[in-house]
Amino acid sequence: MSFSPDPDPTPGDAAAADAIDLVIVPRSVDLGGFSVRRALPHVKRRMVGPFIFFDHFGPVEFRAGQGIDVRPHPHIGLATVSFLFDGEIMHRDSLGSTAAIHPGDVNLMTAGRGIVHSERTAADHRAGGERLHGLQLWVAMPAADEEIDPTFAHHDQAELPVVAGDGKIVRVVIGSLYGKRSPVPTLSDTIFADAALTPGAVLPIDAQTEERALYVVAGEIDIARERFAAGRLLVLRPGDPMTVTAASEARVILVGGAAMDGPRHVWWNFVSSRKERIEQAKADWKLGRFNTVPGDETEFIPLP
């Protein structure tokens, strides 16, 4: 989706649990009846592993004739990760890729030196109205890979490994976790997992991954006798194994990976280790030098 440079989310109350380094309360943005909560980037924490952007959108109930229309817009230097809990989004990009993402599927669009894409509600889903709820995250790319050719990969829910039992269902979306490895390609050490927990279920998180964060999508969880409600991004202290206990029926997202190889600059939809590269991307979009999206060439989002 298109990044709008909204003010940073606010930090939450200090956590007593030693395992928690920072609690981030995302800033809620109303995009005309479409609620988006942005947890990253944050003034106190720009990235967790390679994740530099974390948006939680919905749930929203679209009435008949309504839907989302994110017009064609550009990206450089990042990979977008789209993951849904409810609904459908139709992805199109300048490579000619067309894919409908459904709940439990994952879209990974690697922008590299540049790509343009749109995200819309398809006509057959718009006609009767639909519930939409999901995440979009951006993964920063290693400096050596920022200018690679753009690519697109879609993986259905059935392709993603699942670990289940003892009141939990954990889908390994990206990376390796609990002895299972996702088929989604990565350029650096990256983890992304979706866990559904019944009350009292226990989710262990080891310390093997260098940087980790836990986002509470729904319900409440306990960590070291501290309770955390939905809509919190918990940045975990490095090197500490920990245990999450579901205080109610809950859904949590675990993200992280190796620390990035240096700071990243973010402006609108552009990410780069070099400010001058972002300036070039701004000029390229303004002058129409990016490729267009086949089947969606008429509209576009202007440079802010």
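As the structure is a prediction and not an experimental result, all values here were calculated from the model.

**Student:** I'd love a proper account of the overall build of the protein, names of residues and values included.
**Tutor:** When its secondary structure is counted, the protein shows 2 helices and 27 strands. Taking 2.2 N^0.38 as the reference for a compact globule, 304 residues should give roughly 19 Å; the C-alpha atoms of the protein span a radius of gyration of 19 Å, in line with that estimate. Seen through its C-alpha atoms, the protein measures out along the principal axes to roughly 55 × 45 × 35 Å. Burial statistics for the protein: of 304 residues in total, 53% are counted as buried. A sequence separation of at least 24 residues applies to 71% of the contacts in the protein between residues at least 6 apart. For the protein, the exposed surface amounts to about 12,700 Å²; the carbon and sulfur share of it is 50%. Charge centroids of the protein, computed over 30 positive and 40 negative side chains, lie 4 Å from each other.

**Student:** Can you tell me about the sheet that holds strand E19 (residues 202-205), naming the residues and giving the values?
**Tutor:** Taken in spatial order, the 4 strands make up an open sheet running E19-E24-E21-E22, and their pairing is antiparallel. Since the sheet does not close on itself, it has two edges, and those belong to E19 and strand E22 (226-229), each with one partner. Along the sheet, successive strands turn relative to each other by an average axial angle of 25 degrees, direction set aside. Relative to strand E24 (residues 242-246), E19 runs antiparallel, the two being bridged by 4 bridges.

**Student:** With reference to specific residues and values, describe the nonpolar core.
**Tutor:** By size, the foremost hydrophobic cluster in this structure holds 28 residues, and its most contacted members are Phe54, Val81, Leu137, Phe192, Ile253 and Val255. Of all the elements, strand E7 (residues 78-86) adds the most residues to this core, at 4 residues. Residues within four places of isoleucine 253 in sequence aside, it is in contact with Phe85, Leu135, Phe192, Ala193, Asp194, Ala213, Leu214, Tyr215 and Val217. If you look at the next biggest cluster of nonpolar residues, it comprises 26 residues, including Leu203, Leu214, Ala250 and Val252.

**Student:** How would you sum up the pairing of strand E20 (residues 211-218)? Please name residues and give values.
**Tutor:** Across the 8 residues that make up E20, a large majority, 7, are buried. For E20 and strand E25 (residues 250-257), the ladder comprises 7 bridges, and the chain directions are antiparallel. Residue tyrosine 215 lies in a different strand from E25, and its bridge partner there is isoleucine 253. Pairing between E20 and strand E23 (residues 232-236): 4 bridges, direction antiparallel. Looking at the pairing, tyrosine 215 lines up with leucine 233 of E23.

Reading guide: rules and limits
Residues numbered from 1 in each chain as written. Predicted model: local features only at pLDDT ≥ 70, side-chain atom pairs only at ≥ 80, totals over all residues. Heavy atoms only, no water. Helix = DSSP H or I, 4+ residues; strand = E, 2+ residues; numbered from the N terminus. Rg over C-alpha atoms; globule rule 2.2 N^0.38 Å. Buried < 20%, exposed > 50% of the residue type's maximum accessible area, 1.4 Å probe, protein only. Contact = heavy atoms within 4.5 Å. Areas by Shrake-Rupley, 256 points an atom, 1.4 Å probe, with all protein chains shown as cover. Lys, Arg positive; Asp, Glu negative; His and termini not counted. Charge placed at Lys NZ, Arg CZ, Asp CG, Glu CD. Pairing = 2+ DSSP bridges. Axes fitted to C-alpha atoms, helices over the stretch in contact; angles between N-to-C directions. Core = buried A, V, L, I, M, F, W, Y, C linked by side-chain atoms within 4.5 Å.

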